[in-house]
Amino acid sequence: MQRIPVESSDIVAIGYDPKSRVLEIEFKEDRLYQYLDVEPDVYEKFMRAESYGQYFFASISRHYRYRRAREDKNIQDRARTLVFVTSNEQKLQGLRRACEPFGIDVEQLSLPVDEIQSHDVQKIAMHKAKQAYKLAGRPVVVQDTFWNILALKGFPGAYMRYVAEWFKPEDFLALMQDKADRTVGRTHILVYYDGKRAKVFAKDYWGKITDEPHGKGLSIDQVVITDGQTKTNAEIWEAENHSAIPLQDSVWHEFAKWFSLQRRLKLV
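Note that the structure is predicted; figures quoted are calculated from it, not measured. (Residues numbered from 1 in each chain as written. Predicted model: local features only at pLDDT ≥ 70, side-chain atom pairs only at ≥ 80, totals over all residues. Heavy atoms only, no water.)

A. Quick peek at the overall build of the chain. Helix and strand content of the chain: nine helices and 12 strands. Its C-alpha atoms give the chain principal-axis dimensions of roughly 70 × 40 × 35 Å. Taken across its 268 residues, the chain has 46% of its residues classed as buried. Sequence-distant contacts, at least 24 apart, represent 55% of the contacts inside the chain between residues at least 6 apart. As displayed, the chain offers around 14900 Å² of accessible surface, 48% of which is attributable to carbon and sulfur atoms. Distance between charge centroids for the chain: 6 Å, based on 40 positive and 39 negative side chains. (Helix = DSSP H or I, 4+ residues; strand = E, 2+ residues; numbered from the N terminus. Buried < 20%, exposed > 50% of the residue type's maximum accessible area, 1.4 Å probe, protein only. Contact = heavy atoms within 4.5 Å. Areas by Shrake-Rupley, 256 points an atom, 1.4 Å probe, with all protein chains shown as cover. Lys, Arg positive; Asp, Glu negative; His and termini not counted. Charge placed at Lys NZ, Arg CZ, Asp CG, Glu CD.)

Okay, structure coming up:
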């Protein structure tokens, strides 16, 4: 049964099967219980409750028969799985490729994490990581990319998420028509947060803006050739299904090496 992570002092996640009318609640410390013959509207009210704990004790505990679920091993395995909070499939593939040689399993979670507005890229990434941790109830990884077109004084910076919704590739090229310097940089920031400590990985990559778009995908990727490449970022992903940045030079790889070492030292 798929469970939805919730923010609560004791409840980690909640699931519900409308056919069997089984409500499944995962508590902290690897406790998983199933409550039987629970009406659908009780589950819906539970998920909308301001306090999951208060609703549980008032409307579920001692109101329904229950049983201890036999998924303790699965919960422990999940606890050892690295949680990557993202809805971006390209980012997910990048992290999984980096982690695979180290035997690290990566679980994707798509959570409603707000993105604050700031010129401080690390501040944005750290805020997302802490929000994601509260929603997931376990250690998480988040990643952001920030763009810097030198001739445009750092535009679009931390606002690419929004600019990409507005701009077509031709819009970027129009801004560069009278610019001699077509240098563009991007900073990849990855943050690991476990509720007590944060570890930040950041790398800068450089390239040039082309004269015409090539490939499909994110608008700016269609007009940027990363240093060391001959095709746009979009063309490389479309043809080879991987980033224009070599895996060994990525923040994904740096993080995977560090996380693997932390596991060997039993620090995570």
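B. The arrangement of helix 5 (residues 121-136) in detail. Compared with an ideal rise of 1.5 Å per residue, which puts 16 residues at 22 Å, helix 5 spans 22 Å between its outermost C-alpha atoms and is within 8% of the ideal. The complete set of buried residues in helix 5 reads Ile124, Ala125, Lys128, Ala129, Ala132, Leu135 and Ala136. Across the axial projection of helix 5, the buried residues extend over an arc of 130 degrees, all falling on one side. Buried residues along helix 5 sit in contact with strand 1 (3-5), strand 2 (11-17), strand 6 (82-85), strand 7 (106-109), strand 8 (140-149) and strand 10 (183-193). The N-cap of helix 5, judged by a side-chain oxygen 3.1 Å from the amide nitrogen of Gln122 a few residues on, is Asp120. (Expected span 1.5 Å × (residues − 1). Arc of directions from axis to C-beta. Polar contact = N/O pair within 3.5 Å; in protein donor to acceptor, adjacent residues only side chain to side chain.)

C. The packing of helix 1 (residues 40-48) against helix 2 (residues 52-60), seen in detail. Relative to each other, helix 1 and helix 2 sit at 155 degrees, their axes nearing to 9 Å. Judged by the angle between their axes, helix 1 and helix 2 are roughly antiparallel. For the pair formed by helix 1 and helix 2, the contact residues are Val42, Lys45, Phe46 and Met47 on the first element and Tyr52, Tyr55, Phe56 and Ile60 on the second. Along the lines of polarity and charge, the residues of the contact of helix 1 with helix 2 split into seven nonpolar, no polar and one charged. (Axes fitted to C-alpha atoms, helices over the stretch in contact; angles between N-to-C directions. Parallel < 35°, antiparallel > 145°, perpendicular 65-115°, else oblique. Nonpolar A, V, L, I, M, F, W, Y, C, P; charged D, E, K, R; others polar.)

D. Geometry of the pairing of strand 2. For strand 2, the buried fraction is high: six of the seven residues fall into the buried class. Here strand 1 folds back onto strand 2 in antiparallel fashion, the turn holding five residues. (Pairing = 2+ DSSP bridges.)

E. Layout of the packing of aromatic side chains. Scanning all chains against the criterion turns up 21 aromatic pairs. Measuring from ring centre to ring centre gives 5.6 Å for Phe201 and Phe255, while their planes differ by 90 degrees; the resulting arrangement is edge-to-face. Within this pair, whereas Phe201 is found in strand 11 (residues 198-209), its partner Phe255 is found in helix 9 (residues 251-264), the two being separated by 54 residues in sequence. Classification of Phe201 by relative accessible area gives buried; the value is 10%. Relative to Phe259, the ring of Trp258 has its centre 6.4 Å away and its plane inclined at 45 degrees; by these criteria the two rings are tilted. By the burial criterion, Trp258 is buried, and Phe259 matches it. The lysine or arginine in question, Lys199, covers the ring of Phe201, its NZ or CZ lying 5.7 Å from the ring centre. (Phe/Tyr/Trp six-rings, centres within 6.5 Å; stacked < 30°, edge-to-face > 60°. Lys NZ or Arg CZ within 6 Å of the ring centre and 35° of its normal.)

F. A look at the nonpolar core. In this structure, Leu82, Leu95, Val141 and Phe255 are the most contacted members of the largest nonpolar core, which totals 20 residues. Elements represented by at least two residues in this core include exactly strand 6, helix 4 (89-99), strand 10, strand 11 and helix 9. If one sorts the elements of this core by residue count, helix 9 sits on top with six residues. Contact partners of Leu82, with chain neighbours within four places excluded, come to Leu95, Cys99, Ile104, Asp105, Val106, Glu107, Val141, Tyr192, Phe255, Phe259 and Arg263. (Core = buried A, V, L, I, M, F, W, Y, C linked by side-chain atoms within 4.5 Å.)

G. Quick look at the environment of Lys19. Mapped onto the secondary structure, Lys19 falls in the loop between strand 2 and strand 3 (22-27). Through-space distance from the C-alpha of Lys19 to that of Leu173 is 54 Å; in sequence the pair is 154 residues apart.

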